[in-house]
Amino acid sequence: MCYFSAAFACIGGMYEKLGRMVGRSYEETIQLLIKALKNSESQGRCEIMLTLQKIVVGLGSAGSTSYRDVYKATRNCMTVRSAAAKCMYELVSEAPFVYTTELDNLASLCFRSLDGSNYDARCDVAKLLGHLLASSQSPKAMHATKGKQVRLEDALNILATGFLRGGTGFLKSSSAGEMIKGGGNVNREVRVGVTHAYVEFGKAMGAVWLERNIPEFLDHVLGLVANPRATPTHVDAVYARKCVLFILRTLIGGTLGEKAQIAAAKEICQVIVRHMNAIDAVVEGDKGPMPDMQLSQHVLVCAMQELGNLVQSLGTSASPLVSEPSTGIIEPVVSVLLHPAPSARLSAAWCLRSIAVALPSQMTILLERCMSRMHHLKSSPEAISGYSFAL
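Residues numbered from 1 in each chain as written. Predicted model: local features only at pLDDT ≥ 70, side-chain atom pairs only at ≥ 80, totals over all residues. Heavy atoms only, no water.

Novice: Help me out: how do you make sense of the overall build of the chain in this one?
Specialist: Secondary structure summary: the chain contains 21 helices and zero strands in total. Within the chain, the proportion of its 391 residues that are buried is 48%. Once local pairs closer than 6 in sequence are excluded, the contacts in the chain between residues at least 24 apart make up 74%. (Helix = DSSP H or I, 4+ residues; strand = E, 2+ residues; numbered from the N terminus. Buried < 20%, exposed > 50% of the residue type's maximum accessible area, 1.4 Å probe, protein only. Contact = heavy atoms within 4.5 Å.)

Right, here's the structure in full:
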């Protein structure tokens, strides 16, 4: 076996360095490698996948006539997930049909591959999935599909499907009830893998794209925890919130510049205002507790956590966020202290603490505001609890 591995490594290195200089022999080489896959064990399949990856890297677009065969072989070889994902990643870069006509099929394959995966395989598959969807938004995709490019909303919905439903297909549901309801709980390994795919997608698209599309991206990501499928139990809700916070912190906090982070903080405040207005409408209508009110707490918790993290990272640069009356962040945050859910009130209190730490000049103002409102609203249990948390 070691001789075969050495031979595969030698072939891969030769094609990777020489590329098109090898001439037309690559077609025969690819066919021989694909035939060898059928009778190989796991180690041999790994080596063949890595060799095919190097061949694709070296040949570039020159090997396009054989890439469909490589794609079919790789698709059927996901038992060695990490090596197959690396090979497929390079195919996405060189073969337009992968991120156009095969987009849905490959995305579903990635979701299934995340089930039961270890950390390395999960990272490689997530990197592939993020690169696949980012490629579907590239100018090359527009040219390959003759103007029928995948919309950003559709690309994000593919990721949301994996996050909320997992990799189980319709035909794999164990009962008619599960078919109607959409299956049971999503495997956490799948959810973590899709979370990494969101991050990879954002990184591949770049900071400029994220800055331009921050309203849509925020609404989509925060909307994940507002879906009942993501929060069937308290443990699942906490897990989903952690995933969403990881996406926001990595992309908004780690990719955007200072100016864009301030703009993102304002957009988060708009999300908070919309949810609180919806809750006020329900309370004023005296319709009793609604499911949407219970789900909104998860959105508000994530929004508060990210807003607090942004203010802390900005430090004194966050002063425009509190000095502008029309777009200030303090009033929306204070309004959440009256939310019916204790978790939302606690998150709002923590966010106010972050503002006071980043901007010490606001500490006295916040203390006086909380004490005054607690005195005027002392008949409300939520107000007493929320403002006490803040103090």
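What follows continues from the structure just given.
Novice: I'm lost on the side chain of Ser 113 in this one. Help?
Specialist: Turning to its location among the elements, Ser 113 is positioned in helix α6 (residues 103-114). Residue contacts for Ser 113: discarding those within four places in its chain leaves Met 78, Arg 81 and Val 125.

Novice: Please clarify how the environment of Leu 300 should be interpreted in this entry.
Specialist: Assignment of secondary structure puts Leu 300 in helix α16 (residues 291-314). Contacts of Leu 300, omitting those with residues within four sequence positions, involve Ile 272, His 275, Met 276, Ile 279, Val 336, His 339 and Ala 344.

Novice: What should I look at first to understand helix α4 (residues 67-75) in this one?
Specialist: In an α-helix, one full turn covers 3.6 residues, which means residues spaced three or four apart are oriented alike. Listed in full, the buried residues belonging to α4 are Tyr 67, Val 70, Tyr 71, Ala 73 and Thr 74. Within α4, the buried residues cover an arc of 165 degrees as seen down the axis, which keeps them to one side. Buried residues in α4 make contact with α2 (25-38), α3 (42-59), α5 (81-94) and α6. (Arc of directions from axis to C-beta.)

Novice: I would appreciate a short explanation of the layout of surface pockets in the present structure.
Specialist: Gaps left between atoms show up when a probe the size of a water molecule is rolled over them. Empty space within the second largest pocket amounts to approximately 180 Å³. Every residue along the wall of the second largest pocket is listed here: Ala 349, Leu 352, Arg 353, Ala 356, Val 357, Met 363, Leu 366, Leu 367, Cys 370, Ala 390 and Leu 391. Breaking the lining of the second largest pocket down by element, the ones donating at least two residues are α19 (342-358) and α20 (363-376). A total of five residues in the lining of the second largest pocket trace back to one element, the largest contributor, which is α19. Residue composition of the lining of the second largest pocket, by class: ten nonpolar, no polar and one charged. (1 Å grid on protein atoms, 1.4 Å probe; cavity = no way out; pocket = protein on both sides within 12 Å on 5 of 7 lines; lining within 4 Å. Points joined across faces, edges and corners; volume = space filled by probe spheres on them. Nonpolar A, V, L, I, M, F, W, Y, C, P; charged D, E, K, R; others polar.)

Novice: So what exactly am I meant to see when it comes to the pattern of salt bridges here?
Specialist: Pairing between side chains of opposite charge can happen when the charged atoms of each approach one another. Going through the model one piece at a time under the given rule, you end up with seven salt bridges. Close ionic contact of Asp 154 with Arg 151 constitutes a salt bridge, the shortest N to O distance being 3.2 Å. On the basis of relative accessibility, which here comes to 30%, the residue Asp 154 falls in the partly exposed class. For Arg 188, the salt bridge is made with Asp 236, and the minimal N-O distance between the two is 4.0 Å. With Arg 188 in helix α11 (residues 188-205) and Asp 236 in helix α14 (residues 234-255), this residue pair connects regions lying 48 residues apart in the sequence. Connected via shared salt-bridge partners are Arg 151, Glu 153 and Asp 154. (Salt bridge = Lys/Arg side-chain N within 4 Å of Asp/Glu carboxyl O.)

Novice: When you look at the packing of aromatic side chains in this model, what are you seeing that I'm missing?
Specialist: For any pair of aromatic rings, the description rests on two quantities: the centre-to-centre distance and the angle between the ring planes. Applying the stated criterion across every chain, the model contains three aromatic pairs. Ring geometry for Tyr 71 and Phe 97: centres 5.6 Å apart, planes at 90 degrees, overall edge-to-face. Placement of the pair is Tyr 71 in helix α4 and Phe 97 in the loop between α5 and α6, with a sequence separation of 26 residues. For Tyr 71, a relative accessible area of 2% puts it in the buried group. We classify Phe 97 as buried; its relative accessible area is 12%. (Phe/Tyr/Trp six-rings, centres within 6.5 Å; stacked < 30°, edge-to-face > 60°.)

Novice: I keep staring at the packing of helix α13 (residues 214-224) against α14 and nothing clicks. Help me out?
Specialist: Each pair of packed helices gets described by two things: the angle between the helix axes and the distance between those axes. The N-to-C vectors of α13 and α14 enclose an angle of 160 degrees; their axes lie 9 Å apart at closest approach. Accordingly, the angle class assigned to the pair α13 and α14 is roughly antiparallel. On α14, the residues touching Ile 214, Phe 217, Leu 218, Val 221, Leu 222 and Leu 224 of α13 are Val 244, Ile 247, Leu 248, Leu 251 and Ile 252. Taken together, the residues of the contact of α13 with α14 break down into eleven nonpolar, no polar and no charged. (Axes fitted to C-alpha atoms, helices over the stretch in contact; angles between N-to-C directions. Parallel < 35°, antiparallel > 145°, perpendicular 65-115°, else oblique.)

Novice: In this structure, what is going on with the confidence of the model for the chain? I would like to understand it.
Specialist: When pLDDT is low, close inspection of the predicted coordinates is not appropriate. Across the chain, the average pLDDT comes to 83, with 88% of residues at or above 70. Between residues 169-183, whose pLDDT stays under 50, and residues either more than four places distant or in other chains, the model counts eight contacts. (pLDDT = per-residue confidence, 0-100.)

Novice: Would you mind going over a nonpolar patch on the surface with me for this structure?
Specialist: A surface patch of nonpolar side chains, about 370 Å² in accessible area, is lined by Met 363, Leu 367, Met 371 and Leu 391. Along the chain, the position of Leu 391 falls in the segment after α21 (381-390). Overall, the relative accessible area of 43% leaves Leu 391 in the partly exposed class. (Patch = residues over 30% accessible without salt bridge, like charges linked within 9 Å, V, L, I, M, F, W, Y side chains within 5 Å. Areas by Shrake-Rupley, 256 points an atom, 1.4 Å probe, with all protein chains shown as cover.)

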